[in-house]
Amino acid sequence: MKLKNKSKITPLIGLQWGDEGKGKGVARIASSLSKNDLIVRFQGGNNAGHTIWQGGKSYVFKLIPSGIFGRAQIHLGAGMVVNPSAFFNETKTIPKNISFLKRLSVSPHAVLILPTHVLLDSVSETKKGDKKIGSTGRGIAPAYTDLVSRNALRVGDIFQKDFKKRYQVLCDQHKKILLNLYKYKVSSEKFKKSEGNFFSGIKFLKSLTIKNSADLVAEILAKGGKIIAEGAQGTFHDIRFGNYPFVTSSHTIAGGVATGLGIPPSWIGGAIGICKAYATKVGEGPFPTELGGERSAVWCRDKKFNYEKEKFPNPGPNSKDEFRQGVALRRLGNEIGAVTGRLRRTGWLDIPLIKYAIKINNATELVLTKLDVLDNFKKIKVCTHYIINGRRTTDIPFDLSREKIKCVYKSFPVWRGKLEDYDNKLPREALDYVRYLEKTLGVKIIYVGTGPEEHHVVERYW
Ligand code: GDP
Ligand code: IMO
Ligand code: MG
């Protein structure tokens, strides 16, 4: 797939709650890029899990941009939080024949995730009990908290003589919080090991090219290169405009590209918005179209995939019980968290939310993924409106989780057989669904995903 907009950065942004297929989307673009182009992450950390298929094998990228198998330069931008040992380990998963170190650079402004940030994240979540966010436990919120409270250590700091001293001061502060606030004593044995891994990661970081994100972007654009900004998480995880407080701690929306790379907003072009043909969510928070509602939310909170498989050996996609339909959607879509292995909650596509996401990201093109997952359903639904306090609306309320929302649905019949059998065309029913979405959302769908691998797509022909 070729990028349209050469003179500006193209953000690729998830329009839902993450896991929309951003990794595959970026990898497809990457295959058309050259060494004069750039793929950059601008926020988040190893809470992301972006799956791509390469040579019949799947890889899950958490920090490394998903274009690593192409020829473009890759960059971990200023707005990111980087766990050095997780980063080092991730680079070891790349096959030896892929030379990427010369193409890789990291911003000095990116924030370091310390082993104590990871502890703070999991311990504080456990203490929240039923008020938990369902974080990935990777230390994301504590690391961004330190940035905002002006205590953070950043990648550029590792080259300073007093780095170890400053590390110790911050680490001791965290240990005090753990003990005094959460009554958690850090076990020295286990902690020594994670600290050892942290410093191996720091050594690795020191061997890399450290480059100011804004300078790199400016150089590439000046030479006419193309830039793709790979979003992590989804629009509704945005710290300000997502379903607060069930969000992550960074700006996941296209606006985050400007602050996450330190560039003027005028350098950012229209975004490629990416969404599934249905909806999923990992962790807590409002989900108006969830199949099975609260029952599903509670089930997914506590259950592991194998247990669910035992309980529902034949989960019916056409069951009258919506909860079971949700189980089927999860099973057919393999909706298991790529980072934590948690069950993803499942539901129908939510038009009001997607409309809002398109608007705030300036999504000028859409990618619709995982349409093939609906192959086994007889009927699918989309939520066209909400009814809130007796009023029909497509507006998103200030706090979704505090409103009693009734979803109004439109049903669509499903095609016969499998999408893959239709020879790179869509059956009439699928085309009706796609055309309806384009008309309702007012944005063109550039391709439809029909399977996990890069070639599993139907390019726009309609
Ligand atoms: P990301 O976080 O947005 O990159 O998405 P994830 O990788 O977490 O989750 C998307 C999952 O769906 C991955 O396992 C992909 O391999 C898979 N996937 C992506 N596009 C499609 C598609 O069109 N059809 C199917 N069946 N799977 C897809
Ligand atoms: P990708 O990039 C789906 C969710 C967590 C939790 C909330 C906050 O693969 O789409 P955090 O660890 O960030 O403090 O968790 O956000 N979450 C994701 N859900 N996909 C992701 O990333 C996510 N990253 C975080 O489950 O609800
Ligand atoms: Mg993911």
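These numbers come from a predicted model, not from an experiment.

1. Let's talk about the overall build of the protein
- Check the secondary structure of the protein and you find 13 helices and 20 strands.
- At 22 Å, the protein has a C-alpha radius of gyration in line with the 23 Å of a compact globule built from 462 residues.
- Within the protein, the proportion of its 462 residues that are buried is 57%.
- Partitioning the contacts of the protein with sequence separation of at least 6, the portion at a separation of at least 24 is 75%.
- For the protein, the accessible area works out to roughly 20700 Å², and carbon and sulfur atoms hold 51% of it.
- Each charge class in the protein was averaged separately, 75 positive and 42 negative side chains, and the resulting centres sit 3 Å apart.

2. Quick notes on the UniProt feature "binding site: substrate" (unreviewed entry) in the protein
- The UniProt feature table records "binding site: substrate" (unreviewed entry) at Ala338, Val339, Thr340, Gly341, Arg342, Leu343 and Arg344.
- Relative to the elements of secondary structure, Ala338 occurs in the loop between helix H11 (322-332) and strand E13 (345-347).
- Those residues in contact with Ala338 that sit more than four places away from it in its chain are Gly49, Thr51, Val60 and Arg344.
- Counting through the fold element by element, Gly341 comes out in the loop between H11 and E13.

3. Notes on the coordination of the magnesium ion (ligand 3)
- Only Asp19 (OD) and Gly49 (O) from the protein reach the magnesium ion (ligand 3) as donors, at distances of 2.1 to 2.2 Å. Of the two residues, Asp19 sits in the loop between strand E1 (9-14) and helix H1 (22-30) while Gly49 sits in the loop between strand E2 (38-41) and strand E3 (50-54), which places them 30 residues apart along the sequence.

4. Looking at the pairing of E1
- Of all the 6 residues making up E1, 6 are buried; the element is thus mostly covered by neighbouring parts of the structure.
- Both faces of E1 are covered, namely the face carrying Ile9, Pro11 and Ile13 and the face carrying Thr10, Leu12 and Gly14.
- Looking at chain direction, E1 and strand E10 (residues 227-234) are connected through 5 bridges and run parallel. When the sheet's bridge partners are listed, Leu12 is paired in E10 with Glu230.
- The pairing of E1 with strand E11 (residues 271-276) spans 3 bridges and is parallel. Bridge assignment links Gly14 to a residue of E11, and that residue is Ile274.

5. Section: the packing of aromatic side chains
- Summed over all chains, the structure comprises 20 aromatic pairs.
- Residues Tyr59 and Phe61 carry aromatic rings whose centres are separated by 6.1 Å and whose planes lie at 5° to one another, so their mutual orientation is stacked. The burial state of Tyr59 is the same as that of Phe61; both residues are buried.
- Here the basic side chain of Lys92 rests over the ring of Phe88, its NZ or CZ set 4.2 Å away from the ring centre.

6. Some words on the UniProt feature "active site" (unreviewed entry) in the protein
- According to UniProt, the "active site" (unreviewed entry) feature falls on Asp19 and His50. The largest pairwise C-alpha distance within this set of annotated residues, which runs over 32 residues, is 7.3 Å, so the set is compact in three dimensions.
- A relative accessible area of 22% places Asp19 in the partly exposed class.
- Setting aside its immediate chain neighbours within four residues, Asp19 contacts Gly49, Lys276, Val282 and Arg344.

7. Thoughts on the site of ligand 2
- Close to ligand 2 lie 20 residues, the nearest being Lys22, His50, Thr136, Gln233 and Thr248.
- At 2.7 Å, a side-chain N or O of His50 approaches an oxygen atom of ligand 2.
- Within the complex, the protein chains bury 97% of what would otherwise be the 550 Å² of accessible surface of ligand 2.
- Shared between two domains, the shell around ligand 2 holds at least three residues of each, these being domain 1 (9-108 + 210-275) and domain 2 (111-206).

Thresholds, definitions, all that
Residues numbered from 1 in each chain as written. Chains lettered and ligands numbered in written order. Predicted model: local features only at pLDDT ≥ 70, side-chain atom pairs only at ≥ 80, totals over all residues. Heavy atoms only, no water. Helix = DSSP H or I, 4+ residues; strand = E, 2+ residues; numbered from the N terminus. Rg over C-alpha atoms; globule rule 2.2 N^0.38 Å. Buried < 20%, exposed > 50% of the residue type's maximum accessible area, 1.4 Å probe, protein only. Contact = heavy atoms within 4.5 Å. Areas by Shrake-Rupley, 256 points an atom, 1.4 Å probe, with all protein chains shown as cover. Lys, Arg positive; Asp, Glu negative; His and termini not counted. Charge placed at Lys NZ, Arg CZ, Asp CG, Glu CD. UniProt positions renumbered as here; feature names shortened; annotations may be inferred. Donors = N, O, S within 2.8 Å, 3.2 Å for Na, K, Ca; no water. Pairing = 2+ DSSP bridges. Phe/Tyr/Trp six-rings, centres within 6.5 Å; stacked < 30°, edge-to-face > 60°. Lys NZ or Arg CZ within 6 Å of the ring centre and 35° of its normal. Near = heavy atom within 4 Å. Polar contact = N/O pair within 3.5 Å; in protein donor to acceptor, adjacent residues only side chain to side chain. Domains from an automatic or database assignment.

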